[in-house]
Amino acid sequence: MFEIGVDQASGLRGERPRGGAALMPVACPAQPARAYEWLCTLASHLTSLGREAVIVDGTANEAGARRGQGGGHLGLLHALQDPSISGLGRAPEGAEWLVMPGAGGLQMLQQTAQAAGAAVAFSRLLAPFSHEALVLLFAPAQTLCALLPGVATRALVPVLPQAQASIDAYGALKLLHSAGLAPVLAPLASGFEPEPVPLQQVVDTVADCAARHLGVSVDTWPVQTWGLRVLESALQQPGQQHTHALQRGLRPAAAGERHAVAAQPLWS
């Protein structure tokens, strides 16, 4: 009862969300490879809680043609173009979870969002996946903003103990907040001592900039709570308002407040 990240509601939060596949957006840093350990840590937590973790890597391009019938060489674009593909989620043999390149598929879905709205794009994105799948959509913040504008959902911002990390994290936070999403900081220590930059220093810098320049108090999720919080906050249905996941942290921007985010300087 008194363990870190555990309380009397932990059992309820640990229940599998009903209603099919779910989505958690993750903003990648400027150098995506630096966050792969972060992604694997989160996927491992979700697997231990009984979900089929799927990583859709929006920084990797799909192959020009599918190779084989298994999911190991399947990209998001292939799944979107072939309606017969369904039930994806189980890891291929020899892997712990399914990883899919998705840059081309996300470009297609951004066009869908622009033409038909974010709810339609979101529905298309989750259509190929099983009811047990929890999709970690790893992509630049600009891509997430274009795909899910105004959707009241959490979006994870990895924070790493690196010199560039504060710029990456604050830039992603600002873009996501301006597009109406609710970013949350998720720091992960490197495991090496001494760290290039103390992790808490990076978190404090980003949180202070958000308070001073954006006027918001941003949530931070400790690593030991990631699995349960993602299960609690993942986006499941188009248009669903996750008020339980937004009780703390950032308020989605009002319609009149959503302006062109690409032209904004990072630190103002």
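Structure: above.
So, a few notes on the structure that sits alongside this text. Here the structure is a predicted model, which is why all the values come from computation and not from measurement. (Residues numbered from 1 in each chain as written. Predicted model: local features only at pLDDT ≥ 70, side-chain atom pairs only at ≥ 80, totals over all residues. Heavy atoms only, no water.)

## Describing the nonpolar core
For clarity, the cut-off: For the purposes of this section, nonpolar cores are sets of buried Ala, Val, Leu, Ile, Met, Phe, Trp, Tyr and Cys residues that join through side-chain atoms within 4.5 Å. Type-normalised accessible area, obtained with a 1.4 Å probe on protein chains alone, sets the label of each residue: buried when under 20%, exposed when over 50%, and partly exposed for intermediate values. Strands here are runs of E lasting at least two residues and helices are runs of H or I lasting at least four, both read from the DSSP assignment and numbered beginning at the N terminus. Here, residues are in contact when the closest pair of their heavy atoms is within 4.5 Å.
Ranked by internal contacts, the top residues of the largest apolar core, which has 55 residues, are Phe129 and Leu176. If you tally residues by element for this core, the top one is helix α7 (residues 165–178), at seven residues. In contact with Phe129, other than residues within four places in its own chain, are Ala21, Val54, Val56, Gly87, Leu88, Met100 and Val135. Counting residues in each nonpolar core, the second largest holds 26 residues, with Leu42, Ala53, Leu160 and Val230 among its members.

## A short note on the packing of aromatic side chains
The way to describe two aromatic rings as a pair is by their centre distance and the angle between their planes. Our working rule: Here a pair means two rings of Phe, Tyr or Trp (six-membered ring of Trp) with centres within 6.5 Å. Their orientation is stacked below 30 degrees between planes, edge-to-face above 60, and tilted elsewhere.
Inspection of the entire model under this criterion finds two aromatic pairs. With 4.8 Å between their ring centres and 45° between their planes, Trp38 and Trp226 make a pair best called tilted. Highlighted residues: Trp38 in helix α2 (residues 36–48) and Trp226 in helix α9 (residues 226–233), separated in sequence by 188 residues. Overall, the relative accessible area of 0% leaves Trp38 in the buried class.

## Some points on the environment of Glu96
Its location among the elements puts Glu96 in the loop between α3 (76–81) and β3 (98–101). Looking at Glu96, the relative accessible area reads 61%, which means it is exposed. Sequence separation between Glu96 and Thr47 is 49 residues; the distance between their C-alpha atoms is 8.4 Å. Setting aside anything within four residues of it in sequence, one finds Glu96 in contact with Thr47 and Ala91.

## Considerations on the side chain of His78
Condition: Any N or O atom pair separated by 3.5 Å or less is treated as a polar contact, with the protein-specific requirement of one donor-capable and one acceptor-capable atom, and with residues adjacent in sequence counted only for side-chain atom pairs.
Among the secondary structure elements, His78 is positioned in helix α3. On the basis of relative accessibility, which here comes to 8%, the residue His78 falls in the buried class. At 3.0 Å, the side chain of His78 forms a polar contact with the backbone nitrogen of Gly75.

## A short note on helix α5 (residues 118–126)
What counts here: Directions drawn from the helix axis to the C-beta atoms are what define this arc.
Turning to α5, its buried residues are Ala118, Ala121, Phe122, Leu125 and Leu126. Seen from one end, α5 has its buried residues packed into an arc of 125°, which puts them on one side. Buried residues belonging to α5 abut β1 (22–27), α3, α4 (103–116), β4 (133–139) and α6 (141–147).

These figures capture arrangement, not role.
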